[in-house]
Amino acid sequence: MKKIKFLSVLVAGMALLGSASFAITADEVLEKYEALPIPDTSSANITVELFSGSGKLEESRDVMQYGNHKNNLVNTVFDFKGPASSKYVKTRVWQSEKSTKQDDKFVFEPSVGSVRRVNTTDRGKSFLGMDLTYNDMTIRSRLDDENTMLSENETIDVAGKKYSTYKIKCVPVKNKNVEYAYRIQYINRDTYLPARIEYYNKADGLIKTLNVESVTIINGKYLLRDRQSMVNAKTGHKTVISVKIPSVKFDADVSDKYFSQNWLQTGK
């Protein structure tokens, strides 16, 4: 009996040592990421490119983005200018700084002729044929996941550049209406921005991978992910999102009209 008790104490002690082996916890890293400054307003011209599994360019889309940050809410609007397959489509996402529980997504599609709210059950679906879903349009709070540090110094290669990262496993424990069972985030140790995010299913199969290929500092303090790609692991289909840096305006005047339901509906 004493032997069993001793072994129990020994195992507990080893577990305690294991949990304390990292100098920083996963939640502390993600908290630093969420604390990065964001502008009060933003506008930019964006190019969205869709590539087939063989690497052939299928379509290039021209998009305007508008954003504001007021009363602890982050509003983001995307206005698709073309080509014909996506022209006049508009989508608006508002999100509380504190939790993805407090967020909403609306979309206007010309074929429907009205603004509709995106249901929770539809948020894991592809948006306009892209490799991104409606869920990808919001930043998931660390508080909605169980976060585990897997490595404090994982070296990865993104677009030919090597990064030293924190490797963190994030398993949804709240707001579970997502298209994956868990994510592996590789957080850049220098900037605390994700350099890569991998999405997995329950069988540990890779679903898709987001790579942050380029980051630009705007106004001396804002870290803008100006080129990102999402790749479908099964088909190889890829969506590349590039921000045209000369068009970027942070903390400049952006009309409140862009964040109204009326503007989504009429464009006015």
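Every value quoted in this text rests on a predicted model; they were computed, and no experiment measured them.

A. Structural detail: the pattern of salt bridges. In the structure shown here, the tally under the stated rule is 11 salt bridges. A salt bridge links R142 to E31; the nearest nitrogen and oxygen atoms lie 3.9 Å apart. Separated by 111 residues along the polypeptide, R142 in the loop between β6 (114-117) and β7 (145-158) and E31 in helix α2 (residues 26-34) bring together distant segments of the chain. Residue class for E31 comes out partly exposed when judged on its relative accessible area of 42%. The closest approach of N and O atoms between R61 and E59, which form a salt bridge, is 2.6 Å. Taken together, the shared-partner salt bridges in this structure form one network comprising E31, E34 and R142.

B. Quick look at the pairing of strand β8 (residues 161-172). Here 11 bridges tie β7 to β8, and the two strands are oriented antiparallel to one another. Bridge assignment links T148 to a residue of β8, and that residue is K169. In this sheet, strand β9 (residues 182-188) lies alongside β8 in antiparallel orientation, the contact comprising 6 bridges. Considered in β9, the bridge of K167 is made with Y186.

C. Region of interest: unusual backbone geometry. At the junction of G82 and P83, the peptide bond is cis and its omega measures out at 5 degrees in the coordinates. Of note, P83 is situated in the loop between β3 (73-82) and β4 (90-96). With phi around 45 degrees, N175 is a residue other than glycine that occupies positive phi space. Turning to its location among the elements, N175 is positioned in the loop between β8 and β9. Backbone geometry at N219 places phi at a positive 55 degrees, although glycine is not the residue there. Here N219 lies in the loop between β11 (206-218) and β12 (222-232).

D. Fine view of the packing of aromatic side chains. Considering all chains together, one arrives at 9 aromatic pairs under this definition. Grouped by ring-pair contacts, the aromatic residues Y66, Y258 and W263 constitute a single cluster. Seen from the ring of Y182, K169 lies directly overhead, with NZ or CZ sitting 4.3 Å from the centre.

Reading guide: rules and limits
- Residues numbered from 1 in each chain as written.
- Predicted model: local features only at pLDDT ≥ 70, side-chain atom pairs only at ≥ 80, totals over all residues.
- Heavy atoms only, no water.
- Salt bridge = Lys/Arg side-chain N within 4 Å of Asp/Glu carboxyl O.
- Helix = DSSP H or I, 4+ residues; strand = E, 2+ residues; numbered from the N terminus.
- Buried < 20%, exposed > 50% of the residue type's maximum accessible area, 1.4 Å probe, protein only.
- Pairing = 2+ DSSP bridges.
- Phe/Tyr/Trp six-rings, centres within 6.5 Å; stacked < 30°, edge-to-face > 60°.
- Lys NZ or Arg CZ within 6 Å of the ring centre and 35° of its normal.

Keep in mind that these numbers describe shape and distance, not what the molecule does.
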